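# An overview of the molecular structure
Listed below are the residues making up each chain.
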Amino acid sequence: MANFQVKRDDSDHYSVLRIGGFLDAHTAPQLEEAIQKLIDEERYNIIIDFKELNYISSAGLGVFMGFIENIRNNSGDIKMCGMNPKIYRVFDLLGFPSLYDIVNEEKEAVEKF
Amino acid sequence: MANFQVKRDDSDHYSVLRIGGFLDAHTAPQLEEAIQKLIDEERYNIIIDFKELNYISSAGLGVFMGFIENIRNNSGDIKMCGMNPKIYRVFDLLGFPSLYDIVNEEKEAVEKF
Amino acid sequence: MIAKSVHEYKLRIPSQTDNLELIRVFVAKLAEKVGFDSDDIGKIELAIDEACTNVIKHAYNGDRSKPLDIAIQIDFQKFAIVVTDQGKGFNPKKVNIPNMDKYLAELRVGGLGIYLMKTLMDEVDYDIKPGVKNQVRMVKYFLDKNSKIVQTEKA
Amino acid sequence: MIAKSVHEYKLRIPSQTDNLELIRVFVAKLAEKVGFDSDDIGKIELAIDEACTNVIKHAYNGDRSKPLDIAIQIDFQKFAIVVTDQGKGFNPKKVNIPNMDKYLAELRVGGLGIYLMKTLMDEVDYDIKPGVKNQVRMVKYFLDKNSKIVQTEKA
Ligand SMILES: Nc1ncnc2c1ncn2[C@@H]1O[C@H](COP(=O)(O)OP(=O)(O)O)[C@@H](O)[C@H]1O
Ligand SMILES: Nc1ncnc2c1ncn2[C@@H]1O[C@H](COP(=O)(O)OP(=O)(O)O)[C@@H](O)[C@H]1O
């Protein structure tokens, strides 16, 4: 099933990963790979655009937790935008909004860096 | 599951049943009831609008076969319109287009009476 | 995508018509997962519906508490669906396959389920042991173009 | 819509992550059928995903040919999901339920599955017999408002 997609858009000072479909234990490795690639290229300002994402499980949340320390140690951050209410509810349930900047629009996310 | 809908529109010389969702052995009785009601009211010119129908099984086809003789004996007919290709393929597989007028638009169906 | 070994998916549900949609969704999702196109998915969906509708209508005289079993076996060349009931059974050889011209001319009703299953799938076989295990096995091959050749070689 | 008796739906599938979507679709469809709203359907979907992901990740040391069993029992008051594996088992009492403030402050990774299941469902109980039958049973009551009362009365 072509059930997860990640598209990358680079700007001068940040990169956007646009994710879509289902982010679960099966598809999480694809996102991991995309973020690892950004880190390898020393692109530490990362925006995750959730607009096309329909589902997330703890395996998906784990991807962000697995990288955030390294990214912040390199003066970067992961900002998040475009979550639908269903996705946001999962983040909220676990208190993630205290750890990550979660905004509606991509341009608000850019301003957060 | 609210998985089948039938809406009725009466005109002077014919009635339209707009069906939507899934027409299978579970929901066929609802269509049967709607057609029986038209017959009880002696409204024998019937158009079935398939535009919103997503699925049909032989139980659905059986509804039309169950009424067509009675309706034609009363100088009426069942005309069909708006089938999507998936639905049409099932009718076609069984040769139903030789028995029923199947057209694209409702107004073509009206002209067939 | 398909490993060499057989992957089996089993489903047991109450034999009620209000479960038909669930069955179709499950089997269609699995057919999509292994790569069938939407045309074939539609055929598989309809074939399983017809097989399950028959169990619900004919096997148990309407007892909705009785089980309807579905097994899907996937190997590198085919998608096989086995529908099993423990009901009264029947003799598949005595079921008339309708001549559709005649059927339509005479405005007949019903009796299209097994005909549809045979038209939609590459292979359909019954194995009947009344009260014990009545099974229909329906197969669709992955290589549509070659399926008839494969089928002939196996027959 | 729900009869007084228990309706049981059973699913057995290979324990592979690429089956998680199929499991979610199946369970969500069933939850929709019995009348849960989309908020509860989302919770049930996530809880079953977490339980099945644990079987796939932890029970069989990655052996994808081993079975993952799901049973859904529906009666007039509740929707119960039982996920069973025959793997190595574990001691649920020894699993630390994370303190989320600490968890987030320390940027920890993993260990959220069981916590989520307990947060999303009204009841979560483990029954562990390593190598034989390791089960988690998760319940959601139909009357959301009363669910906690019912739960307390039963506890
Ligand atoms: N699982 C089953 N158990 C008992 N009888 C069956 C079963 N499947 C099919 N049959 C018999 O075969 C006949 C033909 O089935 P089918 O072609 O699907 O048409 P229909 O169900 O409309 O009669 C049925 O009328 C029934 O007598
Ligand atoms: N079905 C299972 N079989 C074996 N061990 C399990 C099972 N489910 C959970 N566990 C154990 O419980 C621990 C906690 O699970 P969980 O809270 O889902 O977090 P995570 O899976 O991220 O570790 C797992 O690390 C594992 O050791």
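Residues numbered from 1 in each chain as written. Chains lettered and ligands numbered in written order. Predicted model: local features only at pLDDT ≥ 70, side-chain atom pairs only at ≥ 80, totals over all residues. Heavy atoms only, no water.

### Re the interface of chain D and chain A
Between chain D and chain A, the residue contacts involve 23 residues of the former and 24 residues of the latter. Interface area for chain D against chain A, summed over the two sides, is near 2,000 Å², with a carbon-plus-sulfur share of 67%. Looking at the side of chain D facing chain A, the largest losses of area belong to E21(D), L104(D) and L107(D), adding up to 29% of the total buried there. Where chain D packs against chain A, one counts 3 salt bridges. Between K86(A) and E45(D) there is a salt bridge; the shortest N-O distance is 3.2 Å. (Contact = heavy atoms within 4.5 Å. Buried area = accessible area lost by both parts, 1.4 Å probe. Salt bridge = Lys/Arg side-chain N within 4 Å of Asp/Glu carboxyl O.)

### Describing the site of ligand 2
Residues and elements named next belong to chain D. Lining the immediate surroundings of ligand 2 are 14 residues, of which N54, H58, D85, G111 and I114 lie closest. Within the side chain of H58, an N or O atom sits 2.8 Å from an oxygen atom of ligand 2. D85 has a polar side-chain atom sitting 3.0 Å from a nitrogen atom of ligand 2. Look at ligand 2: alone it shows 530 Å² of surface, and the protein chains cover 81% of it. Of all elements in the fold, only helix 2 (38–59) and helix 4 (113–120) reach the threshold of two or more residues within the shell around ligand 2. With 5 residues, the top contributor of residues to the shell around ligand 2 is helix 2. For the shell around ligand 2, the per-class residue count stands at 6 nonpolar, 6 polar and 2 charged. (Near = heavy atom within 4 Å. Polar contact = N/O pair within 3.5 Å; in protein donor to acceptor, adjacent residues only side chain to side chain. Areas by Shrake-Rupley, 256 points an atom, 1.4 Å probe, with all protein chains shown as cover. Helix = DSSP H or I, 4+ residues; strand = E, 2+ residues; numbered from the N terminus. Nonpolar A, V, L, I, M, F, W, Y, C, P; charged D, E, K, R; others polar.)

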